[in-house]
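Inside the fold
Residues per chain are reported as follows:
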Amino acid sequence: MTADPGPAGPRDGTASQDAGLASLAGEGSILSRTARGAGWVIGWRFCTRFIGLFSTLILVRLLTPADFGIVALAFSFAHGFGQLCEVGVENAIIRDPNPDRALYDTGFTINLIRGFGVALVLSIAAFPIAALFHNPDLAPVLLAVAAISALGAVENIGVVDFRRFIAFDREFVLKIIPRIVQTVIGIILSFILRSYWALIIALLTNQALTTIMTYQLHPFRPQLSLAAWRRMAGYSAWVWVNNLVSLLNSNGTNFIIGKMLGVGAVGIFGLGNEIAGLPNTELVGPLCRSAFSGFAQAQADGDNGANLLLRLLALMTIIALPAGLGLSLTAYPIVQLGFGKNWISAVPLLQIIGVANAFSIFSMISGVVFSVRAWMKALFKLGAAVTLIRIGLIIVLLPVYGLTGAAIAIALTDIVNQIVLIVVTVHRLDVSLTSLLDRVWRSVTAAALMTALLIVLHLGWRDDPGTDHWQAIHLSAAVLIGAISYTASLFGLWLIAGQPEGGERDLLDATRAMLRRVETRRLRA
């Protein structure tokens, strides 16, 4: 049984005493709490996208492209250094069966070393980097970014409990308030300063306020200690190695494309790849963040997570699969309306990669299971093999087929990665493939029927040039007909099958529960 640390904050540090704040754990099953957690994360992403768009529409009229560019360049260096030092401290605490005070303090100390290390590297490299780019203004900006890294390093490690106990509503508060304050300060200072320093000061304010709030929202008070470093070392080392593989995968692809086809091709590839990945970043990614906590909780309760895996896959396939296929099917009008005709060459990338990404729910959830259960060596072997094969295919296909060849290479290796991950996962969790197929076949069939209907109606995978007005009509019709046909097919198949347990029932139950909570809050108000 997990115990609260009490209002005083610190624990006595005994090895057997859990340092987590158990009162954060909400009511309901792990599945329902995981689904609610994913909803809060998706809500945060929606809010930050909206706030970002709102602020950008104002700031672009007050600041120059160079102002945005110098800030983006500085943060790209900070992000790169940070990625190289990422060791998965929070995940290590969440998946530990009994994270005591020693583990929390060790996590805090490692984050402190990492954050100040990045700050030190940025400070030392600031002036050489500025000289390299022939931009003396970049040096003070890098020093400011170093200060942001140092501020982030002293955040209260206790707030990891918001993830550990699937209390993502608390994490939402922790993130949204500093984001709003950052936006207000950034806009006000942009009117006054008309300089990139408005953005830097706003970002500094965000990090400072976030750090302060971590201590206000959680009673834990960390101390400097590396007493539990051995308990973290094995897992964290593999997290670091897998991060390197991920960096090689993404940066290697961009490097090869840039070397063979030029920087313009890198921009087109990046756009197509980013749009194709939207269902993953905006839907599946938030679910995985919440699912990590859910699988860790199940493991702590002595459950291997097999049932949770099947139910999450069934539920998210209903949502993510048609979204991914829909983006692929309507690539042409999306690109023309959203980015203009100059970016039309990104259409085939979105069409090809979008199909593979539509099924990535299987690999992403499986990857979470691998991480929670510390199957990191197997994850590294697969990731390294896929990366090498992908780079090899890109080198072979790019000179012949251009960016389309790169898209084919990425789609093929993604599909192989998904198949291997899900097969290994269900095997290790002692789940039959028949059980998995029984949960997802209706979603897959409904998505196939939707795709066929849009193709027959000449609304899917059509590269027909036209005015923006015509493309808007095309896109609207495809979305409307696709949504109706998919929903009707899915629930029609579910009714014919006798309304079995599965994603459809979980989705209806979650919707009813949400409506009840909204009604309860309305009556209380």
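Before going into details, it helps to say that this report is about the structure given with it. (Residues numbered from 1 in each chain as written. Predicted model: local features only at pLDDT ≥ 70, side-chain atom pairs only at ≥ 80, totals over all residues. Heavy atoms only, no water.)

Before going further, it helps to spend a moment on a positive patch on the surface. A cluster of basic residues, Arg36, Arg516, Arg517, Arg521 and Arg524, forms a positive patch at the surface. Broken down by element, the positive patch gets its largest block of residues, 4 residues, from helix α20 (residues 503-524). Mapped onto the elements, Arg521 comes out in helix α20. Judged by its relative accessible area of 55%, Arg521 is exposed. (Patch = residues over 30% accessible without salt bridge, like charges linked within 9 Å, V, L, I, M, F, W, Y side chains within 5 Å. Areas by Shrake-Rupley, 256 points an atom, 1.4 Å probe, with all protein chains shown as cover. Salt bridge = Lys/Arg side-chain N within 4 Å of Asp/Glu carboxyl O. Lys, Arg positive; Asp, Glu negative; His and termini not counted. Charge placed at Lys NZ, Arg CZ, Asp CG, Glu CD. Helix = DSSP H or I, 4+ residues; strand = E, 2+ residues; numbered from the N terminus. Buried < 20%, exposed > 50% of the residue type's maximum accessible area, 1.4 Å probe, protein only.)

This paragraph deals with the nonpolar core. The tendency in soluble globular proteins is for nonpolar side chains to be buried as a group. Ranked by internal contacts, the top residues of the largest apolar core, which has 57 residues, are Ile93, Phe295, Leu309, Leu313, Ile361, Ile365 and Leu436. In this view, Ile365 contacts Leu287, Cys288, Ala291, Phe295, Leu309 and Leu313; residues no more than four positions away in its chain are not counted. (Core = buried A, V, L, I, M, F, W, Y, C linked by side-chain atoms within 4.5 Å. Contact = heavy atoms within 4.5 Å.)

Before going further, it helps to spend a moment on the layout of surface pockets. In this model, the second largest pocket occupies a volume close to 1,200 Å³. Lining the second largest pocket we find 37 residues, and of these Ser32, Ala35, Arg36, Gly37 and Arg517 sit closest to its centre. Put simply, the parts of the chain that give the lining of the second largest pocket at least two residues each are α1 (30-59), α7 (168-193), α11 (278-300), α12 (306-329) and α20. Among the elements that make up the lining of the second largest pocket, the one with the highest residue count is α1 (11 residues). Class assignment for the residues of the lining of the second largest pocket results in 19 nonpolar, 8 polar and 10 charged. (1 Å grid on protein atoms, 1.4 Å probe; cavity = no way out; pocket = protein on both sides within 12 Å on 5 of 7 lines; lining within 4 Å. Points joined across faces, edges and corners; volume = space filled by probe spheres on them. Nonpolar A, V, L, I, M, F, W, Y, C, P; charged D, E, K, R; others polar.)

This next bit is on the packing of aromatic side chains. According to the stated counting rule, one finds 7 aromatic pairs in the structure shown. Judged by centre distance (6.0 Å) and plane angle (85°), the ring pair of Phe491 and Trp494 falls under edge-to-face. Of this pair, Phe491 and Trp494 both sit in helix α19 (residues 468-496), separated by 3 residues, roughly a single helical turn. Using a relative accessible area of 21% as the deciding quantity, one classes Phe491 as partly exposed. Lying across the ring of Trp375, Arg428 places its NZ or CZ 4.9 Å from the centre. (Phe/Tyr/Trp six-rings, centres within 6.5 Å; stacked < 30°, edge-to-face > 60°. Lys NZ or Arg CZ within 6 Å of the ring centre and 35° of its normal.)

Here we take up the pattern of salt bridges. The tally for this structure, following the rule as stated, stands at 14 salt bridges. Between Asp18 and Arg164 there is a salt bridge; the shortest N-O distance is 2.4 Å. Residue Asp18 is located in the segment before α1, and its partner Arg164 is located in helix α6 (residues 161-164); the two are separated by 146 residues in the primary sequence. Since its relative accessible area comes to 8%, Arg164 is described here as buried.

Let us now look at a nonpolar patch on the surface. A cluster of nonpolar side chains, namely Ile180, Val184, Ile188, Phe191, Ile192, Leu193 and Ile201, defines an oily patch on the protein surface of about 630 Å² accessible area. The dominant element in the nonpolar patch, judged by the number of residues it contributes, is α7, at 6 residues. Locating Ile180 in the fold gives a position in helix α7. Ile180 sits in the partly exposed class, given a relative accessible area of 42%.

Its identity as a non-glycine residue notwithstanding, His134 has a phi of 55°, on the positive side. Relative accessible area serves as the criterion here: at 72%, His134 is assigned to the exposed category. With a phi close to 55°, Trp461 is a non-glycine residue in the positive phi region. Checked against the element boundaries, Trp461 lands in the loop between α18 (433-456) and α19. Residue classification places Trp461 among the partly exposed positions, given a relative accessible area of 35%.

By secondary structure assignment, the location of Ser195 is in the loop between α7 and α8 (197-216). In this structure Ser195 comes out as buried when scored by relative accessible area, which is 17%. The residues contacting Ser195, other than those within four sequence positions of it, are Leu63 and Asp67.

What follows deals with the packing of α18 against α19. Where α18 meets α19, the axes come as close as 8 Å, and the angle between the chain directions of the two elements is 145°. Seen along the crossing, α18 lies across α19 with a hand that is right-handed. Across the interface between the two elements, Trp441, Arg442, Ser443, Thr445, Ala446, Ala447, Leu449, Met450, Leu453 and Leu454 of α18 pack against Ala478, Ile481, Gly482, Ser485, Tyr486, Ser489, Leu490, Leu493 and Trp494 of α19. Residue composition of the contact of α18 with α19, by class: 13 nonpolar, 5 polar and 1 charged. (Axes fitted to C-alpha atoms, helices over the stretch in contact; angles between N-to-C directions. Left-handed = near helix turned anticlockwise from the far one by under 90°.)

Another aspect to go through is the side chain of Thr211. Position of Thr211 among the secondary structure elements: in helix α8. Thr211 gets classed as buried once you look at its relative accessible area, which sits at 7%. Excluding its chain neighbours within four sequence positions, the residues that come into contact with Thr211 are Leu151, Gly152, Val154 and Glu155.

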